[in-house]
Amino acid sequence: MNLREFGQRFEARFGDRPRVFRAPGRVNLIGEHTDYNDGFVMPAAVGFSTHVGISPRSDGKLLVHSDEFPGNFEFEVHRLPERRTGEWCDYILGVASVLRERDCLPSGANLLVHGEVPIGAGLSSSAAIEVASALALLSLGNNQLSLPEIAKLCRCAENEFVGARVGIMDQFVSCMGKAEHAVLLDCRSLEFKFVPIPPRIRLVVCNTMVKHEHSGGEYNDRRAQCEEGVRLLKQRFPSIKALRDVSPAQLESHRGDLPELIYRRCRHIVTENARVVRTAEALQKGDLRAVGECMAESHMSMRDDYEISCRELDIMVDLANGREGLIGARMTGGGFGGCTINLVRIDAVEQFKTAMLSGYHHATGISSDIYVSNAGAGITEISANG
Ligand code: GLA
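Calculation rules
Positions within a chain are numbered from 1, following the residues in the order the chain's sequence is written. With pLDDT at 70 or above as the cut-off, local features in this predicted model cover only qualifying residues; side-chain atom pairs require 80 or more to be listed or tallied, and sums for whole chains, interfaces and linings still use all residues. Water and hydrogen atoms play no part in the side-chain values, which are based on all heavy atoms of the structure. Structural elements are reduced to axes, namely lines fitted to C-alpha atoms, with helices fitted over the stretch in contact, and the angle between N-to-C directions of any two is expressed from 0 to 180 degrees. Each helix is a run of DSSP H or I of at least 4 residues and each strand a run of E of at least 2, with the numbering of both proceeding from the N terminus. Every angle not falling under 35 degrees, over 145, or within 65 to 115 is termed oblique; those three ranges are roughly parallel, roughly antiparallel and roughly perpendicular. Handedness of a helix crossing follows the sense of rotation of the near helix relative to the far helix, less than a right angle counterclockwise being left-handed and clockwise being right-handed. A contact between two residues is defined here by any heavy atoms of the two lying within 4.5 Å. Lys, Arg, Asp and Glu make up the charged group, whereas Ala, Val, Leu, Ile, Met, Phe, Trp, Tyr, Cys and Pro make up the nonpolar group; the residues left over, Gly among them, are polar. By this definition, two strands are paired if DSSP reports at least two bridges between them. Only heavy atoms are used to decide nearness, and a residue is near a molecule or strand if one of them lies within 4 Å of it. Identification of polar contacts relies on pairs of N or O atoms within 3.5 Å, with a donor-acceptor requirement for protein atoms, meaning one able to donate a hydrogen and the other able to accept it, and with residues adjacent in sequence counted only if both atoms are side-chain atoms. All accessible-area figures derive from a Shrake-Rupley calculation using a 1.4 Å probe, and residue coverage is judged against the displayed protein chains alone. Salt-bridge detection follows one rule: a side-chain nitrogen of Lys or Arg within 4 Å of a carboxyl oxygen of Asp or Glu. Think of it in three bands: with a 1.4 Å probe and only protein chains considered, a residue is buried below 20% of the maximum accessible area for its type, exposed above 50%, and partly exposed in between. Here, nonpolar core refers to any group of buried Ala, Val, Leu, Ile, Met, Phe, Trp, Tyr and Cys residues whose side-chain atoms link them within 4.5 Å. An expected span of 1.5 Å times one less than the residue number is assigned to each helix. Disulfide: a pair of cysteine sulfur atoms within 2.5 Å of each other. Each pair of aromatic rings taken from Phe, Tyr and Trp, with Trp reduced to its six-membered ring, is defined by centres within 6.5 Å and is described as stacked if the planes are under 30 degrees apart, edge-to-face if over 60, and tilted in the remaining cases.

(A) Region of the structure containing the packing of helix α8 (residues 260-285) against helix α9 (residues 288-304). Contact geometry for α8 and α9: axes closest at 9 Å, N-to-C directions at 165 degrees. Taken together, the axis directions place α8 and α9 in an arrangement best described as roughly antiparallel. Judged by the twist between their axes, the crossing of α8 over α9 is left-handed. Across the interface between the two elements, R264, H268, T271, E272, R275, R278, T279, A282 and L283 of α8 pack against L288, A290, V291, C294, E297, S298, S301, M302 and D304 of α9. Tallied by class, residues from the contact of α8 with α9 come to 7 nonpolar, 5 polar and 6 charged.

Laid out in structure tokens, this is it:
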């Protein structure tokens, strides 16, 4: 995004010069659906971002516009809608509502949004909008919140206003991402560690072009099934608070106490948590074979136990497996469509891309989009320094 052009567009619309914030989307290397189970995840911020420009208003209005998304929205700061409107501006409204509850919402603002993160691809376009608009709105007041606090308030906006019971992963990495690193996050304590991604590896994200959607539906069902697992396992292990507290051995020893479906959902979570930890260690040791094995197991577990994959995602992963330069491949994000993440040796990327594009088209008739990225930085203000 060209900052000058964005500034000019803002000025033409609102007659003001904006401050501009840029928040990235993310790709998760491993640790899927573990975040709302208090477990571990290891995402990285990617090169796509959402930009939010902001300037203050003194008339109590919140004006929201984007040249890419439809609609021109105008709200009264003191009479914001109480629940989602079904429009893309819900992510901003959700953030504004949470800020208002905390007395951190400015008395009015103009916001211009420019989104580059593909929508519905599972790359967290929603978290990027939330995080960028939260920081933008906070910048108009004298409210200093830490980035992890901002991540939490954005999650709260999505849980309570938008109605998707998502975990903290996307908002956290959009805030805290670091160039050339993945973020190993403990979603219970929010302790985190940057894990370097070797420079000879690229993140190759293959979009099935099957849109995923998780403001409700299957995503929330999975979460409820995990909660049911905790409720049943608590009868044997009263101290557990979340599936994070259950080891694979404990789960196996009480398999008979759980309905088959709940058991499989729990098995995905407890084994996935262990895989995140193993992957982080392997990446740090340079044991790329182990990284690849964990990613392959993770995909199978999502396909068979958690049942959040789909035909197109499985085809994409099958096409990648065994290819020259591939370290590991799996579906990434909430599931039911969206993208796969492939760790690929830099010298093999072009060949890999070509083979994936034609193989996927041949198998499905769909033209895929493939994005090659390095891990990038989290949210930044870009207006000050361009
Ligand atoms: C979505 C949610 C995240 C996480 C992933 C699955 O991206 O927003 O909180 O649960 O799905 O890992």
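(B) Structural view of the sheet that holds strand β10 (residues 339-345). Here 4 strands make up an open sheet; going across it, the order is β9-β10-β8-β11 and the pairing antiparallel. Each of the sheet's edge strands pairs with one partner strand only, and the pair in question is β9 (326-332) and β11 (369-373). Ignoring strand direction, the axes of neighbouring strands in this sheet form an average angle of 20 degrees. Direction of pairing for strand β8 (residues 201-207) relative to β11: antiparallel, over a ladder of 5 bridges. Looking across to β11, one finds that L203 is bridged to S373. Sheet contacts for α9: β8, β9 and β10; angle to β9, the most-contacted strand, approximately 25 degrees.

(C) Spotlight on the site of the ligand. Looking at the ligand, there are 13 residues lining it, with E32, H33, D35, D170 and Y219 nearest. Take D35: an N or O atom from its side chain is 2.5 Å from an oxygen atom of the ligand. One nitrogen or oxygen atom from the main chain of G167 is found 2.9 Å from an oxygen atom belonging to the ligand. In isolation the ligand offers 300 Å² of accessible surface; the protein chains occlude 99% of this area. Split by residue class, the shell around the ligand holds 4 nonpolar, 5 polar and 4 charged.

(D) Seen up close, the pattern of salt bridges. Tallied over the entire structure, the rule returns 30 salt bridges. Residue E307 is joined to R265 by a salt bridge in which the shortest nitrogen-to-oxygen separation is 2.9 Å. Within this pair, whereas E307 is found in the loop between α9 and α10 (311-320), its partner R265 is found in helix α8, the two being separated by 42 residues in sequence. Residue R303 is joined to D304 by a salt bridge in which the shortest nitrogen-to-oxygen separation is 2.8 Å. You can call D304 partly exposed: its relative accessible area is 38%. Beyond isolated ion pairs, a larger network of salt bridges with shared partners links R255, E260, R264, R265 and E307.

(E) Geometry of the environment of E76. Within the secondary structure layout, E76 lies in strand β4 (residues 72-76). Accessibility expressed as a relative area gives 31% for E76, which makes it partly exposed. Sequence separation between E76 and L63 is 13 residues; the distance between their C-alpha atoms is 8.9 Å. Residues in contact with E76, not counting those within four places in the same chain, are G60 and K61.

(F) Main features of the side chain of S126. As for its placement among the helices and strands, S126 is situated in helix α3 (residues 125-139). S126 gets classed as buried once you look at its relative accessible area, which sits at 14%. The contact partners of S126, leaving out residues within four places of it in the chain, are Y91 and E158.

(G) Focus on the nonpolar core. Within the largest apolar cluster, 53 residues are counted, with the highest numbers of intra-cluster contacts made by L62 and L137. Once you skip the residues sitting within four places of it in the chain, L62 turns out to touch F73, E74, F75, V77, L80, A96, A109, L111 and L137. Residues V117, L203, I327 and L343 belong to the second largest nonpolar core, which totals 33 residues.

(H) A look at helix α2 (residues 90-101). Taking 1.5 Å per residue as the helical rise, α2 with its 12 residues ought to reach 16 Å, and the 16 Å between its terminal C-alpha atoms agrees with that figure. Across the 12 residues of α2, 9 count as buried, placing the element largely inside the fold. For α2, every residue scored as buried is listed here: D90, I92, L93, G94, V95, A96, S97, V98 and L99. Here the buried face of α2 lies against β3 (61-66), β4, β5 (109-115), α3 and α4 (147-162). In the stretch just after α2, D103 is the one whose phi turns positive, near 60 degrees.

(I) Seen up close, the state of the cysteines. Under the counting rule described, the total for this entry stands at 0 disulfides. Note on C266: no disulfide assigned, nearest cysteine sulfur contributed by C226 at a separation of 6.1 Å.

(J) Seen up close, the packing of aromatic side chains. Using the criterion set out here, one finds 8 aromatic pairs in the structure. Residues Y36 and Y219 carry aromatic rings whose centres are separated by 5.5 Å and whose planes lie at 65 degrees to one another, so their mutual orientation is edge-to-face. Here the residue Y36 occupies a position in the loop between β1 (19-30) and β2 (40-56), and Y219 occupies one in helix α6 (residues 217-234), the gap between them amounting to 183 residues. Y219 matches Y36 in its accessibility class, with the two residues each being buried. For the ring pair F73 and F75, a centre distance of 6.3 Å and an interplane angle of 10 degrees mean the geometry is stacked. Grouping residues by exposure puts F73 and F75 together as buried. Chaining the aromatic ring pairs together yields one cluster made of F69, F73, F75 and W88.

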